[in-house]
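# Fold and contact review
Here is how the chains run, residue by residue.
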Amino acid sequence: MDFAKILSVTSVVLAALWLVLPRGKSANGFKYAMGLFVISVIISILGGLDFSLPEKLQTSNSTTVTNTAQSISNDTAVYVIENLLKKCNIKFGEIQIITDNSENSDINITKAYVELEPKDFERAAEIIKNQTGIILTEGG
């Protein structure tokens, strides 16, 4: 017999006993017995449920979170580099961020490609490396 059938039969038997028993002192004891039964049913139902996500869903969520974190990291690095270059009055073009994902899911920004005029490259590279630790590479 599966769990639903056992639960249904037990509930019917307890309801019949509830109707048949007199409403005196035995009714209180029966209420406690029914309460224990209901609690044990709830515990057994919850104990049999699997609350873990399916493997496919876990993998796709993990990938989505990693991609989102990498995107935020790249956007932040571009913002910081843009502001540093603007603050130093260095004209620049497109900025591309190169990241490296380690085995423990860390996102490391290793390089940045920036379109600059040749005369400004060395100065910009030094500023970016000193302020952020990112190695600046000309072009992209």
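Refer to the structure presented above.
Residues numbered from 1 in each chain as written. Predicted model: local features only at pLDDT ≥ 70, side-chain atom pairs only at ≥ 80, totals over all residues. Heavy atoms only, no water.

## Concerning the overall build of the protein
Counting its regular elements, the protein contains four helices and three strands. Along the protein, from the amino end to the carboxyl end, the secondary structure elements read α-α-α-β-β-α-β. Among the 140 residues that make up the protein, the fraction classed as buried is 18%. For the protein, restricting intrachain contacts to residue pairs at least 6 apart in sequence, the fraction spanning at least 24 positions comes to 46%. A total accessible area of about 10200 Å² is found for the protein, and carbon and sulfur atoms account for 60% of it. (Helix = DSSP H or I, 4+ residues; strand = E, 2+ residues; numbered from the N terminus. Buried < 20%, exposed > 50% of the residue type's maximum accessible area, 1.4 Å probe, protein only. Contact = heavy atoms within 4.5 Å. Areas by Shrake-Rupley, 256 points an atom, 1.4 Å probe, with all protein chains shown as cover.)

## Considering helix H4 (residues 118-132)
Helical periodicity: at 3.6 residues per turn, an α-helix aligns residues three or four positions apart in one direction. Given a rise of 1.5 Å per residue, 15 residues ought to cover 21 Å, and the 21 Å separating the end C-alpha atoms of H4 matches this to within 8%. Where H4 is concerned, the buried positions are Asp120, Phe121, Ala124, Ala125, Ile127 and Ile128. Gly133 lies just past H4 and shows a positive phi near 85°. (Expected span 1.5 Å × (residues − 1).)

## Here's the deal with the environment of Gly93
When you line up the elements, Gly93 lands in strand E1 (residues 92-101). Residue Gly93 is classed as partly exposed on the basis of its relative accessible area, which comes to 32%. Separated by 20 residues in sequence, Gly93 and Tyr113 place their C-alpha atoms 9.9 Å apart.

## Describing unusual backbone geometry
Of note in the backbone geometry, Asn89 takes a positive phi value of approximately 55° without being a glycine. With respect to the helices, strands and loops of the structure, Asn89 is situated in the loop between helix H3 (55-87) and E1. The exposure class assigned to Asn89 is exposed, which follows from its relative accessible area of 69%.

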